[in-house]
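Each chain, letter by letter, is given below.
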Amino acid sequence: MQMRSNDLFSRSRKVLPGGVSSPVRSFRPYPFFTSSAHGSRLFTEDGRELIDYCMAYGPLIFGHTPSFLLEFVKDQIFKGTVFGTPHLAELELAEEIIRAVPSMEMVRFVNSGGEAAMSAIRLSRAFTKRDVVVKFDGCYHGAVDSLLVNGVGIKKYPASDGIPTTLLDKTKVIPFNDFSELDGINEDVACVIVEPVMGNMGVIPPEKGFLQEVRRACDEAGAILIFDEVITGFRLSRGGAQRVFNIKPDITLLGKVIGGGFPVGVFGGKRELMEMVAPAGRVYNAGTFNGNPVTMSAGLAVLRKLEDHIYSDLEFKTEFLCKGIEEIFGDADIPIQINRIGSMFTIFFTQNAVKDAESARRSRVDRFQKFHSLMLERGVFLPPSQFECCFLSTAHVDKDIEETLQATLSAVNVDGW
């Protein structure tokens with residue numbers, strides 16, 4: 001079979017940096033090019049069919065191209081793709097989100113999680129009249145200059161070239177799940193931004209009581225608590241991680257699932273905060289595609305279809321798959337740790353528990369890359385990075401899980417582990 005993706009990647013490298021439009025899509029020797037997708041499957045330009053556990057990094061809770069969503073989107077496209085005016089779907093999606101997430105009394109639609117994070121920080125600084133932002137090592141909140149910081153203490157460093165050191169001075173980074181470091185949240189801090197379940201060092205859930213202590217520290221310091229639920233919002237429950245852990249943040253960031261497969265971001269929270277956003281207040285936010293009608297219609301279709309039983313079904317399937325993978329690796333005496341919550345999981349190639357960014361970084365990336373390649377050869381697509389989440393959708397059926405476990409068994413029997 002001719003490997004068309006190889007040729008396409010050679011062309012792509014001439015016009016796109018690294019041949020891709022996002023670095024997480026790149027892997028060796030070259031990424032495959034997708035021609036179409038349906039349900040739990042990707043179909044490549046090379047004529048291959050792959051079981052997909054990347055799911056576009058989380059948005060596709062009903063899988064690829066579900067028929068109910070296509071009908072909604074088709075109807076909206078015929079009505080118009082962008083208006084530059086308010087419209088009904090925008091209002092109805094806002095109402096749907098607010099009903100599901102009690103901490104969000106008002107919302108503003110933007111076009112990405114990064115935009116939502118940037119705007120939430122601006123709003124927090126305006127409200128508190130403070131400048132310092134606290135984030136947690138390994139949490140990712142979009143390609144925002146002041147948030148592209150890793151490491152802790154004197155080991156703090158920018159995650160990208162081109163970030164002024166003056167911005168780093170306004171960002172404090174502390175370890176996730178470390179109760180002792182929460183004393184660093186003081187009266188200089190405008191806001192604390194956190195993924196309630198880390199999803200960008202792989203899945204790392206909070207330890208018992210940790211989020212409650214973060215909430216307490218923010219209250220004592222008068223700092224705004226921002227939950228970045230771009231991944232977990234409407235993925236773990238209709239009310240997101242904050243419903244699962246019973247924590248009420250001041251501002252919530254959403255994206256992925258609420259866009260129904262289209263680009264979207266949302267920030268929202270207490271009315272007294274959100275009424276500071278223009279044109280009601282003086283915190284500026286604007287965008288040509290904010291509240292895009294196609295995205296709003298798609299999101300509305302998805303949210304109206306999400307019911308509690310869907311989450312329990314996804315939990316059951318994901319737990320079954322993860323237990324099967326653990327047993328296969330255990331029998332082969334290859335140490336792994338699987339972190340899972342709901343329909344999200346990550347396989348870490350380490351014998352030690354993974355509870356923060358530092359312990360995640362100690363996992364065997366070389367073994368993950370080997371496993372990724374072996375699974376891809378066997379028709380299963382996992383996210384190419386060790387530090388990403390795998391996702392299940394309602395479109396994944398028993399046959400998918402059975403084939404995945406068979407592929408895993410075959411992969412661990414390859415020499416060289």
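Refer to the preceding data block for the structure.
Caption draft 1: Spatial organisation of the overall build of the protein. Counting its secondary structure elements, the protein contains 13 helices and 16 strands. Here the C-alpha radius of gyration of the protein, 21 Å, is about what a compact globule of 417 residues would show, namely 22 Å. Considered along the principal axes of its C-alpha atoms, the protein spans approximately 60 × 55 × 45 Å. For the protein, the proportion of its 417 residues judged to be buried stands at 56%. Sequence-distant contacts in the protein: of pairs separated by 6 or more residues, those separated by 24 or more amount to 70%. With the model as given, the accessible surface of the protein reaches about 18,700 Å², and the carbon-plus-sulfur share is 52%.

Caption draft 2: Up close: the sheet that holds strand β4 (residues 106–110). Pairing within the open sheet is mixed, and its seven strands lie in the order β4-β12-β11-β10-β9-β5-β8. This sheet does not close on itself; its edge strands, each paired only once, are β4 and β8 (171–174). Mean inter-strand twist for the sheet, computed between neighbouring axes without regard to direction, equals 20 degrees. The sheet contact formed by strand β11 (residues 251–255) and strand β12 (residues 265–269) spans five bridges and is antiparallel. Across the sheet, Leu254 pairs through a bridge with Val266, a residue of β12. Across the sheet, helix α6 (residues 210–221) lies against β5 (132–136), β9 (189–194) and β10 (224–228), angled at about 145 degrees from β10, the strand it touches most.

Caption draft 3: Quick peek at the pairing of strand β3 (residues 49–52). Here three bridges tie strand β2 (residues 41–44) to β3, and the two strands are oriented antiparallel to one another. Residue pairing for β3: Arg41 is matched across the bridge by Ile51. From the end of β2 to the start of β3, which pair antiparallel, there are four residues, and Gly47 there has a positive phi angle of about 85 degrees. In this structure, β3 lies alongside strand β15 (residues 380–381), joined through two bridges in parallel fashion. When the sheet's bridge partners are listed, Asp52 is paired in β15 with Phe381.

Caption draft 4: Fine view of the packing of aromatic side chains. Overall, the coordinates contain 14 aromatic pairs when judged by the stated rule. Ring geometry for Phe27 versus Phe32: centroids 6.4 Å apart, planes at 65 degrees, classification edge-to-face. Note on accessibility: Phe27 and Phe32 belong to one class, buried. Centre to centre, the rings of Phe62 and Phe68 are 5.3 Å apart; their planes meet at 85 degrees, and the pair counts as edge-to-face. A relative accessible area of 18% places Phe68 in the buried class. Positioned over the ring face of Phe68 is Lys305, at 4.9 Å from the centre of the ring. One Lys or Arg, Lys370, reaches over the ring of Trp417 and ends 5.6 Å from the middle of that ring.

Caption draft 5: Examining the pattern of salt bridges more closely. The full count for this structure, using the stated rule, is 24 salt bridges. A salt bridge links Arg340 to Glu315; its shortest N-O distance comes to 3.1 Å. One end of the pair, Arg340, is in strand β13 (residues 337–341); the other, Glu315, is in helix α10 (residues 308–331), with 25 residues separating them in the sequence. Arg340 gets classed as partly exposed once you look at its relative accessible area, which sits at 25%. The class for Glu315 is partly exposed, based on a relative accessible area of 33%.

Caption draft 6: Just the environment of Pro66, in detail. As for its position among the elements, Pro66 is in the loop between β3 and α2 (67–79). Assessed through its relative accessible area of 12%, Pro66 is described here as buried. Taking C-alpha positions, Pro66 is 10.0 Å from Gly260, a pair spaced 194 residues apart along the chain.

Caption draft 7: Quick peek at α10. An ideal rise of 1.5 Å per residue puts 34 Å on 24 residues; α10 measures up with 35 Å between its terminal C-alpha atoms. Among the residues making up α10, those that are buried are Ile310, Tyr311, Leu314, Lys317, Thr318, Leu321, Cys322, Gly324, Ile325, Ile328 and Phe329. Buried residues in α10 make contact with α9 (293–305), β13, β14 (344–348), α12 (365–377) and α13 (398–412). With its phi angle positive at about 60 degrees, Asp333 sits one or two positions after the end of α10.

Caption draft 8: The nonpolar core, seen in detail. Counting 58 residues, the largest nonpolar core has Ile97 and Phe234 as its most contacted members. Among the secondary structure elements, those contributing two or more residues to this core are α2, α3 (88–100), β4, α9, α10, β14, α12 and α13. Element by element, the count of residues in this core is highest for α10, at eight residues. Excluding anything up to four places from it in sequence, Ile97 contacts Met104, Val107, Phe109, Phe234, Leu254, Ile258, Val266 and Leu303.

Caption draft 9: Representation of α12. For α12, spanning 13 residues, the distance from its first C-alpha to its last is 18 Å, which sits close to the expected 18 Å at 1.5 Å a residue. Residues of α12 that are buried: Arg367, Phe368, Phe371, His372, Leu374, Met375 and Leu376. Lining the buried residues of α12 we find β3, α10, β14, β15 and α13. Where α12 ends, the next residue or the one after it, Gly379, has phi of about 85 degrees, a positive value.

Caption draft 10: Spatial organisation of the packing of α2 against α9. Orientation of α2 relative to α9, taken along the N-to-C sense of each, is 150 degrees, at an axis distance of 9 Å. As summarised for this structure, α2 and α9 are arranged roughly antiparallel, according to the angle between their axes. As for the relative orientation of α2 and α9, their crossing is right-handed in sense. Two secondary-structure elements touch here, α2 through Phe68, Leu69, Phe72, Val73, Gln76 and Ile77 and α9 through Pro293, Val294, Ser297, Ala298, Ala301, Val302 and Lys305. Broken down by class, the residue content of the contact of α2 with α9 amounts to ten nonpolar, two polar and one charged.

Cut-offs used in this document
- Residues numbered from 1 in each chain as written.
- Predicted model: local features only at pLDDT ≥ 70, side-chain atom pairs only at ≥ 80, totals over all residues.
- Heavy atoms only, no water.
- Helix = DSSP H or I, 4+ residues; strand = E, 2+ residues; numbered from the N terminus.
- Rg over C-alpha atoms; globule rule 2.2 N^0.38 Å.
- Buried < 20%, exposed > 50% of the residue type's maximum accessible area, 1.4 Å probe, protein only.
- Contact = heavy atoms within 4.5 Å.
- Areas by Shrake-Rupley, 256 points an atom, 1.4 Å probe, with all protein chains shown as cover.
- Pairing = 2+ DSSP bridges.
- Axes fitted to C-alpha atoms, helices over the stretch in contact; angles between N-to-C directions.
- Phe/Tyr/Trp six-rings, centres within 6.5 Å; stacked < 30°, edge-to-face > 60°.
- Lys NZ or Arg CZ within 6 Å of the ring centre and 35° of its normal.
- Salt bridge = Lys/Arg side-chain N within 4 Å of Asp/Glu carboxyl O.
- Expected span 1.5 Å × (residues − 1).
- Core = buried A, V, L, I, M, F, W, Y, C linked by side-chain atoms within 4.5 Å.
- Parallel < 35°, antiparallel > 145°, perpendicular 65-115°, else oblique.
- Left-handed = near helix turned anticlockwise from the far one by under 90°.
- Nonpolar A, V, L, I, M, F, W, Y, C, P; charged D, E, K, R; others polar.

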